[in-house]
Amino acid sequence: MTLTCIAIDDEPLALAKLKAIIAQIPYVELKETFSNCIDAIPYLTAQSPDILFLDIQMDHMTGIQLLEKVKVKPHVIIISAFEQYALKGYELNLTDYILKPYGIHRLIQAIEKIKQIKEATDLESKAVKDYIFIKTDYRILKMNLQDILYIEGMRDYLCLHTKSEKILTHITFRELHEMLPADQFIRVHKSYMVHLAFIETIEKHRIYIQNAIIPISHTYREAFYKAIKA
């Protein structure tokens, strides 16, 4: 399991320290860093990192104000020199509160808590999830996962190619990704997600599923080949 994360702190030295520590933890990937909360909002709205490392006292918008503003939140680990905000932070359902200065073992302790939560959630999901509900037109359809061959992005819609039909739904890849088990479905292109079980052939970075030829883009190539090896 790889945990993705971002960090927000207006102190360059604090970010540099966090980067150095995370680089020593093989199962954590730091995606982005921000020096203020305002610049981080578009990323948090569009992406779904597993962990947000967050300072409290910053100009323009504090870490607490960010947590109150952004609806979609990852697991939050506050890293602050001020302990008086701890109670307010826990009211906002953060995962941990680390006081500066801190060391690698304290950070790993907080990250391990999130890792255990995600592993338990993944096991529960794999144990029971064999269908999803998809809204299309004025209906909500129950779809068996074993009927979905691949998903294609079509402007404002996603097209679910099944064994018997094509179904259009007005959701995003990010929303669909959260609904589908990661060990069965994987993104291979900005416009495609495939069901691993139905891949027939892979040739020259192209996937063949029945009569469809699906490109594997450079962005998703490494993760895809790791997934099929696993």
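The paragraphs below set out a description of the structure included in this document. Source: prediction; values computed, not measured.

1. Quick notes on the overall build of the protein chain
Here's step 1: For the protein chain, the count of helices and strands is seven helices and 15 strands.
Here's step 2: Of note, the protein chain has its 28 positive side-chain charges centred 5 Å away from the centre of its 29 negative side-chain charges.

2. Considering the pattern of salt bridges
Here's step 1: One pass over the full model with this rule turns up 10 salt bridges.
Here's step 2: Between K100 and E11 there is a salt bridge whose closest N-O contact spans 4.0 Å. One end of the pair, K100, is in the loop between β5 (96-99) and α5 (104-128); the other, E11, is in the loop between β1 (3-8) and α1 (12-22), with 89 residues separating them in the sequence.
Here's step 3: For D96, the salt bridge identified is with R106, shortest N-O distance 2.8 Å. Taken together, the residues D96 in strand β5 and R106 in helix α5 connect sequence positions 10 residues apart.
Here's step 4: According to the relative accessible area criterion, D96 is buried, its value standing at 5%.
Here's step 5: The structure contains a network of salt bridges with shared partners spanning D9, E11, D55 and K100.

3. What to know about α1
Here's step 1: When we look at burial in α1, the residues that qualify are A14, L15, L18, I21 and I22. Summarising the axial view, the buried residues of α1 lie within an arc of 125°, below the 170-degree limit, and thus occupy one face. Residues P12 and L13 are exposed on α1 and point more than 90 degrees away from its buried face.

So, how was this worked out
- Residues take numbers from 1 onward in each chain, read along the sequence in its written order.
- The predicted nature of this model means local features are confined to residues of pLDDT at least 70 and side-chain atom pairs, given and counted, to a pLDDT of 80 or more, with totals for whole chains, interfaces and linings taken over all residues.
- Heavy atoms from the whole structure form the basis of all side-chain values; hydrogens and water molecules are not counted.
- Starting at the N terminus, helices and strands are each numbered in turn, a helix being any DSSP run of H or I of at least four residues and a strand any DSSP run of E of at least two.
- A positive count includes Lys and Arg, and a negative count includes Asp and Glu. His and the chain ends are not counted in either.
- To locate a charge, take NZ of a lysine, CZ of an arginine, CG of an aspartate or CD of a glutamate.
- What makes a salt bridge here is a side-chain nitrogen of Lys or Arg within 4 Å of a carboxyl oxygen of Asp or Glu, nothing more.
- Buried, partly exposed and exposed residues are distinguished by accessible area as a fraction of the type maximum, computed with a 1.4 Å probe on protein chains only: under 20%, between the cut-offs, and over 50%, respectively.
- What the arc describes is the spread of directions from the helix axis to the C-beta atoms.

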